[in-house]
Amino acid sequence: MSLLRRLTAQVPTVVLARRNVARAKTRSVLAVLAIVIGVVAIGGIGVGGEAFKQDQLSAYESFGGTATVSPVFYQDQPELRTFDEQDIQEISQAADSATVIPVRRVRGLIRGPDGDTIVFATAQGIDDPSRFYETEAGEIPSNFERVAVVGSAFAESNDVSVGDQVRVGGEVDESFRVAGIIRQQGRGDPLGADRSVFVPNTVFDRDGYDEIVLQADVQVAGIEAVSESVRSQMNQRRDRVRVTTSASRQEQQEQQFEIINQFLLGISAISLLVAAVTIANTMLMSAIEREGEIGVLRAVGYSKFAVVRLLVAESTLLGVVGVGIGAPLALLIGAVANQLLIGNPLAFTVTGLSYIALGVVFGVLTALVGGLYPAWRAANKRPVEALG
Amino acid sequence: MTDGGTESGVEAPATGGFDQKAANTVDPEIPDDSILRGRNVIKEYETGDQIVRALKGIGFGIAPGDFVAVVGPSGSGKSTLLNLLGLLDIPTRGEVSLEGEDVAEFDDAERTRRRKEVIGFVFQSYYLIPTLTALENVEMPRMLDRTPEKTRERATELLERVGLGDRLDHYPDELSGGQKQRVAIARSLINDPKLLLADEPTGNLDRDTGDQILDLFDELREEEGVAVVTVTHDDYVAEAADRIVNLIDGELRESGGHAHHGDSGREHRNDATAEEAPAQTDGDGGETG
């Protein structure tokens, strides 16, 4: 007796199941396809979402040592809406080694070179943009006066290039020549440079500042320590400032991604639910078609459990095949997403891979569960009726 | 559909409607070596809100080596009887006992186990599994037993015996009707049953092929003492049996059989007294003594 035969004889149920599954080819292929779709949906969305998240969060890396300080607004003290010079001094003292960069924002219209109003952009006053940014076109003059630098997204969507005129309305109400376009920064930038126009602080006709950016000198003290120091100094009597580190903003962002990812996974889980229904339907049809055959199994001494086991083995087999096709596909999708978003096809994260594992586990489980009811029904069909 | 007959039958329990030996003896008891026997067996079915009594209180006994043909018009309860004999069903009332044990006492798992040990089935439409070869089909009842080598040996032996030693690896769709039925018979024998239940075993076969099947039955009875009960419309098959039992409207009437086949040297009785029996023990089935 051959080794193969001896091995397969140990798992007769699987052997029988495999042949039965191979019998109704089209039906089996469709059931497998349902599982493949489910696994690809869960695995692909999971691993692709991870790649997207990594890509988005990588934007925070270059701003890791920064925090923003904004004033806490009280209705009874409207003058505290902004930071004055004294505040800045206090904060500078508290921040110690960190650099303090005061920022002004203008609430007014921005018009592009062709005179169109630009809605999704902010004009900000800052002393020296080159502290944070490099340009992809033009330059940031070391003496930042009378000119503007703009973010890359701003430049692109409004067709602004170096040398163009941009008009900032409101309290500034002045036109500026665009001296440079800032390289893309992403969402990590506390100032949101991509959609901003930076103008010199000096063009503002007021003293107060809207926000302060702290940049820690990591050699001396981390941004967390700096933030804490500012908080405790400034908020002694009542809360005057709110300090948000880049890390905590990143965390918030991560949580948002998490929620979106869960939502998408929930939707893809529905596809597995549909797969379960498909499998159940497939197995029901199969069981009805083979009623006589199953009756014979019962007649020749197969227990109910043996019949259930056989049919569940068949449906599970469909799941295993589906997962066998779906998981590599999901990996492939992940690799493509990794390549496009991160630039390295193999940049899988543990979380990303665990989504694929989740797809695999649920793919098989789904098929198993989908097969239970038809199997139970077939096994409980009285052989008498089945053999009618 | 009266119960009267049933009740009256209690005193003359199961005088071996099927049982040739019982028929011979004065003692109305079924002999101890009965494989299967029934007393006052009633089977009712619910169809909608009507209750149909398919068997109206019959008695029977089947001893080793018996060959009984159950004949009767369709709807007479033949299938019901066969299901009861095959432990595929239990009577609504009355008792069917397997080697002295009431089958109603068995739970489903136990009935399944006993069925496997004692009874072999041959169906009119063979019911071979199309994805399995002839050899695997014969092995099928024992496939879950984890004794692959013994099973294969026995299955090969059985297929050789039914003359299909050269068709082991053929799939059912590569076999003729007669060959399929022989595979089915080989399958029914894989667990060395004491009783072979054959539902129209030659129904789909030509006369020559049918003869081969009947010869095979005789051989099995002779050599291994297997009892054969067949349900048939075919007079030819019925005449091959030791005894013919007429099932008419859920009641048994036994008439003598003819031994055209497999003359094993045993006496083939023709005491056709059963014709009178129903009148005496209405419901208890044909008495042959």
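Residues numbered from 1 in each chain as written. Chains lettered and ligands numbered in written order. Predicted model: local features only at pLDDT ≥ 70, side-chain atom pairs only at ≥ 80, totals over all residues.

Another aspect to go through is the overall build of chain A. For chain A, the count of helices and strands is eleven helices and twelve strands. With respect to the principal axes defined by its C-alpha atoms, chain A has extents near 95 × 50 × 45 Å. Across chain A, the fraction of contacts at a sequence separation of at least 24, relative to all contacts at a separation of at least 6, is 82%. (Helix = DSSP H or I, 4+ residues; strand = E, 2+ residues; numbered from the N terminus. Contact = placed C-beta atoms within 7 Å.)

It is worth spelling out the overall build of chain B at this point. Helix and strand counts for chain B come out as ten helices and ten strands. Of all 289 residues assigned to chain B, the portion counted as buried reaches 54%. Long-range contacts, defined as pairs at least 24 residues apart, comprise 70% of the intrachain contacts of chain B with a sequence gap of at least 6. (Buried ≥ 20, exposed ≤ 12 C-beta atoms within 10 Å, placed from the backbone.)

Next up on the list: the confidence of the model for chain B. All names here are of chain B. Summarising the model, chain B shows a mean pLDDT of 77, and 76% of its residues fall at 70 or more. By mean pLDDT, helix α10 (residues 277-280) is the weakest element of chain B at 35, and helix α5 (residues 134-139) is the strongest at 93. Residue range residues 1-16 is modelled with pLDDT below 50. Its contacts to residues more than four positions away, or to other chains, number 39 contacts. Both confidence scores are given for the complex: pTM 0.72, ipTM 0.74. (pLDDT = per-residue confidence, 0-100.)

Residues in a regular strand project their side chains so that they alternate between the two faces of the sheet. Residue and element names in this part refer to chain B. With five bridges connecting them, strand β1 (residues 36-47) and strand β4 (residues 93-98) associate as antiparallel partners. In the sheet register, Ile-42 faces β4, and the bridge partner there is Arg-93. By the bridge criterion, two bridges tie β4 to strand β5 (residues 101-102) in an arrangement that is antiparallel. Note on β5: the bridge partner recorded for Leu-98 is Glu-101. (Pairing = 2+ DSSP bridges.)

Attention shifts here to the packing of helix α4 (residues 85-95) of chain A against helix α6 (residues 223-234) of chain A. Residues and elements named next belong to chain A. Where α4 contacts α6, the two axes come as close as 8 Å, and the packing angle between them is 135°. Comparing the axis directions of α4 and α6 gives the class oblique. The handedness of the crossing between α4 and α6 is right-handed. Contacts from Glu-90, Ile-91, Ala-94 and Ala-95 in α4 reach Val-226, Ser-229, Val-230, Gln-233 and Met-234 in α6. For the contact of α4 with α6, the residue count by class is six nonpolar, two polar and one charged. (Axes fitted to C-alpha atoms, helices over the stretch in contact; angles between N-to-C directions. Parallel < 35°, antiparallel > 145°, perpendicular 65-115°, else oblique. Left-handed = near helix turned anticlockwise from the far one by under 90°. Nonpolar A, V, L, I, M, F, W, Y, C, P; charged D, E, K, R; others polar.)

Interface size is commonly expressed as the accessible area that is lost once the parts come together. Between chain A and chain B, the residue contacts involve 22 residues of the former and 23 residues of the latter. Those elements that provide at least two residues to the side of chain A that touches chain B are α1 (3-10), α2 (12-23), α8 (291-299), α9 (304-341) and α11 (383-387) of chain A. Of all the elements, α8(A) adds the most residues to the side of chain A that touches chain B, at five residues. For the side of chain A that touches chain B, the class distribution of residues is ten nonpolar, five polar and seven charged.

Another aspect to go through is unusual backbone geometry. Although it is not a glycine, Asp96(A) adopts a positive phi angle of roughly 55°. In this fold, Asp96(A) is placed in the loop between α4 and β2 (99-106). Even without being a glycine, Asn40(B) presents a positive backbone phi close to 50°. In this fold, Asn40(B) is placed in strand β1. Assessed through the 25 C-beta atoms surrounding it within 10 Å, Asn40(B) is described here as buried.

Attention now moves to the environment of Tyr45(B). Residue and element names in this part refer to chain B. Secondary-structure assignment places Tyr-45 in strand β1. The exposure class of Tyr-45 is exposed, given the 12 C-beta atoms found within 10 Å. With 157 residues separating them in the primary sequence, Tyr-45 and Thr-202 have C-alpha atoms 28 Å apart.

Turning next to the pairing of strand β8 (residues 165-168) of chain A. With two bridges connecting them, strand β3 (residues 110-111) of chain A and β8(A) associate as antiparallel partners. Bridge pairing in β8(A) places Arg111(A) opposite Arg167(A).

Residue and element names in this part refer to chain B. Ordered in space as β2-β1-β4-β5, the four strands form an open sheet in which the pairing is antiparallel. Edge positions in the sheet fall to β2 (50-62) and β5, since each has one partner strand and no second. Running over the sheet, helix α3 (residues 78-85) touches β1, β2 and β4 and is turned about 125° from β1.

Attention now moves to the domain arrangement of chain A. What the domain assignment reports for chain A is domain 1 (3-59 + 252-387) and domain 2 (65-245). One C-alpha centre belongs to domain 1 of chain A, the other to domain 2 of chain A; they are set 53 Å apart. (Domains from an automatic or database assignment.)

All names here are of chain A. The contact between α2 and α9 brings their axes to 8 Å, and the two run at 60°. Between α2 and α9, the angle is such that the two are oblique. The handedness of the crossing between α2 and α9 is right-handed. Residues Thr-13, Val-14, Leu-16, Ala-17, Arg-18, Asn-20 and Val-21 of α2 touch α9, and the partners they reach there are Arg-309, Leu-310, Ala-313, Glu-314, Leu-317 and Leu-318.

The next point concerns α3(B). Residue and element names in this part refer to chain B. Counting buried residues in α3 gives seven out of eight residues, a clear majority hidden from the surface. Within α3 the residues assigned to the buried category are Lys-78, Thr-80, Leu-81, Leu-82, Asn-83, Leu-84 and Leu-85. One or two residues past the end of α3 sits Leu-87, with phi positive at roughly 55°.

In the predicted model, chain A carries a mean pLDDT of 86, and 95% of its residues have values of at least 70. Of all helices and strands in chain A, the one with the weakest mean pLDDT is α11(A) (66), whereas α9(A) scores best (93).

All right, on to the environment of Glu153(B) then. Residue and element names in this part refer to chain B. By the element assignment, Glu-153 lies in helix α6 (residues 148-161). Judged by local crowding, Glu-153 falls into the exposed class, with 12 C-beta atoms found within 10 Å. With 14 residues separating them along the chain, Glu-153 and Glu-139 place their C-alpha atoms 9.5 Å apart.

Looking now at the environment of Asp207(A). Positionally, Asp207(A) belongs in the loop between β10 (196-199) and β11 (211-215). Once residues lying within four places of it in the same chain are set aside, the contact partners of Asp207(A) are Asp84(A) and Glu85(A).

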